[in-house]
Amino acid sequence: MSDDIKKTLSDEDSKLVEEMLENKEAEIDSIEYSDTAAEEPAAEGDEIGHAKSSTGDTGEEKDERSREELYAATEAILFSMGDAVELPHLAQAMSLSAEDMREVLVELAAAYDNEARGIQIIELEGAYQLCTKRELYDYLVKIAHVPKPKELTDVMLETLSIIAYKQPVTKLEIEKIRGVKSDHTVNKLVEYNLVCEAGRKDAPGRPILFATTEEFLRSFGIESTEELPELDTDIVEEIKHEAETEIDDSMQMKLDI
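Presented here is a report on the structure given in the accompanying data block. The residue numbering used here restarts from 1 in each chain and proceeds along that chain's sequence as written. A pLDDT threshold of at least 70 governs which residues receive local features in this predicted model, and a stricter bar of 80 or more applies before side-chain atom pairs are shown or counted, although totals over entire chains, interfaces and linings include all residues. Heavy atoms from the whole structure form the basis of all side-chain values; hydrogens and water molecules are not counted.

### So, the overall build of the chain
For step 1, the next point in the chain: Counting its secondary structure elements, the chain contains 12 helices and 5 strands.
For step 2, the next point in the chain: Relative accessibility under 20% of the residue-type maximum defines a buried residue, over 50% an exposed one, and the middle range a partly exposed one, all with a 1.4 Å probe and only protein chains included. For the chain, with 257 residues in total, the buried portion stands at 23%.
For step 3, the next point in the chain: Looking at the chain alone, contacts between residues at least 24 apart form 51% of all its contacts between residues at least 6 apart. Starting at the N terminus, helices and strands are each numbered in turn, a helix being any DSSP run of H or I of at least four residues and a strand any DSSP run of E of at least two. Whether two residues are in contact is decided by their heavy atoms, any of which lying within 4.5 Å being enough.

Structure representation (structure tokens):
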């Protein structure tokens, strides 16, 4: 404040004016500081902190779907696909990890088993399928068109056993074990969808390899070929004996002709 102004004012008035000017300067400094802070960009830490508050401490979005919704979606997928669906494909469709997807399938399968339900979930070598229960077959045949039941002869069962335990295997390898030609038998098993071609062997002529199918597992009520019982040596000898008998009968027929 200038000396001239101080002279015209009393000491008390002079002090009051000085206090007012000081307060005004403090307000101006406060306004300038706030404007500067508004122009500066937000710190990186502030942005990250804001993101964490929206996504959680782990940075992962929380799955808010109920268990019932997961069951319903899984059921819908399996019903729509019809055939067995591999676990990774199911997990991808459901946006779940393989472990979480397997847990949902196990819980859903248990619900079908424990309740009076006509359907069930079966596992076929890491794939899952929704199907009807065996004990309700008699009801289904009355309304559905049922194909002629597959009749497996002893020869077909023997050949199927060899393929199941030795797969992948060629016709020549099957014939070496049985001692007779097996073209017709193998073709019939392929027709019944119990056996399928599984590539070619890296050998002269590149013969076709044969292996069992999902239908084989389904028909015999097992989840994988690892559940097949250990092959008894007595059974092997019995197969060889029956093959030799078949050869003798065939030779006798040719002689009679």
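### What to know about the nonpolar core
For step 1, the next point in the chain: Ranked by size, the top nonpolar core spans 21 residues in total, and within it L160, I163, I174, L189, L194, V195 and F216 carry the most contacts.
For step 2, the next point in the chain: Those elements that place two or more of their residues in this core are β2 (119-124), β3 (127-132), α8 (154-166), α10 (183-191) and α11 (214-220).
For step 3, the next point in the chain: Broken down by element, this core gets its largest block of residues, 5 residues, from α8.
For step 4, the next point in the chain: When sequence neighbours within four positions are dropped, the list of residues in contact with L189 reads L152, M156, T159, L160, I163, L194 and V195.
For step 5, the next point in the chain: The next biggest cluster of nonpolar side chains, apart from the first, holds 17 residues, and it includes M101, V104, L108 and Y112. Put simply, buried Ala, Val, Leu, Ile, Met, Phe, Trp, Tyr and Cys residues joined by side-chain atoms within 4.5 Å make one nonpolar core.

### Let's talk about unusual backbone geometry
For step 1, the next point in the chain: A cis amide bond, omega -10°, links Q167 with the succeeding residue P168.
For step 2, the next point in the chain: Examined against the element boundaries, P168 turns out to sit in the loop between α8 and α9 (171-178).
For step 3, the next point in the chain: Positioned with a positive phi, S95 is a non-glycine residue whose angle comes to about 55°.
For step 4, the next point in the chain: Relative to the helices and strands, S95 resides in the loop between α5 (87-94) and α6 (98-114).

### Comments concerning the side chain of T74
For step 1, the next point in the chain: Structurally, the position occupied by T74 is in helix α4 (residues 67-81).
For step 2, the next point in the chain: Leaving out residues up to four positions away in the same chain, T74 has contacts with M94, M101, V104, L105 and L108.

### Quick word on the packing of α4 against α6
For step 1, the next point in the chain: Lines fitted to C-alpha atoms define the axes, with helix axes restricted to the stretch in contact, and inter-axis angles between N-to-C directions lie between 0 and 180 degrees. For the pair α4 and α6, interaxial distance at closest approach is 10 Å and the crossing angle is 85°. The angle between α4 and α6 places the two elements in the roughly perpendicular class. Taken together, the residues of α6 that come into contact with α4 (itself represented by R67, L70, Y71, T74, E75 and L78) are M101, E103, V104, L105, E107, L108 and Y112.
For step 2, the next point in the chain: Residues are sorted three ways: Asp, Glu, Lys and Arg are charged, Ala, Val, Leu, Ile, Met, Phe, Trp, Tyr, Cys and Pro are nonpolar, and all the rest, Gly among them, are polar. Here the contact of α4 with α6 is composed, by residue class, of 8 nonpolar, 1 polar and 4 charged. Angles are sorted into four bins: roughly parallel if under 35 degrees, roughly antiparallel if over 145, roughly perpendicular if 65 to 115, and oblique for all others.

### Notes on the pairing of strand β5 (residues 208-212)
For step 1, the next point in the chain: Among the 5 residues of β5, 4 are classified as buried, and the element is accordingly described as predominantly covered.
For step 2, the next point in the chain: Pairing between strands requires that DSSP locate at least two bridges from one strand to the other. Here strand β4 (residues 195-200) pairs with β5 via 4 bridges, running antiparallel. Of the residues in β5, the one forming a bridge with R200 is I208.

### Here we look at α8
For step 1, the next point in the chain: In a helix, the anticipated span is given by 1.5 Å times the number of residues less one. Here α8 spans 18 Å end to end across 13 residues, near enough to the 18 Å set by a 1.5 Å rise per residue.
For step 2, the next point in the chain: Burial in α8 covers these residues: M156, E158, T159, L160, I162, I163 and A164.

### Details of the pairing of β3
For step 1, the next point in the chain: In terms of burial, β3 is largely enclosed, as 5 of its 6 residues are buried.
For step 2, the next point in the chain: Here β2 runs beside β3; their pairing, made up of 6 bridges, is antiparallel. Looking at the pairing, L124 lines up with A127 of β3.
For step 3, the next point in the chain: Where β2 folds back onto β3 in an antiparallel hairpin, the turn is made up of 2 residues, including E125, whose phi is positive at roughly 50°.

### A look at the pattern of salt bridges
Two side chains with opposite charge may pair up if their charged atoms get near one another.
For step 1, the next point in the chain: A side-chain nitrogen of Lys or Arg and a carboxyl oxygen of Asp or Glu constitute a salt bridge if their distance falls within 4 Å. Applying the stated rule across the entire model yields 11 salt bridges.
For step 2, the next point in the chain: Among the ionic pairs, K181 bridges to E175, the shortest N-O distance being 4.0 Å.
For step 3, the next point in the chain: The exposed category is assigned to K181, whose relative accessible area is 61%.
For step 4, the next point in the chain: With a relative accessible area of 13%, E175 lands in the buried category.
For step 5, the next point in the chain: Through salt bridges with shared partners, one network takes in K171, E175, K181 and D183.

Purely spatial values, then, with no claim about function.
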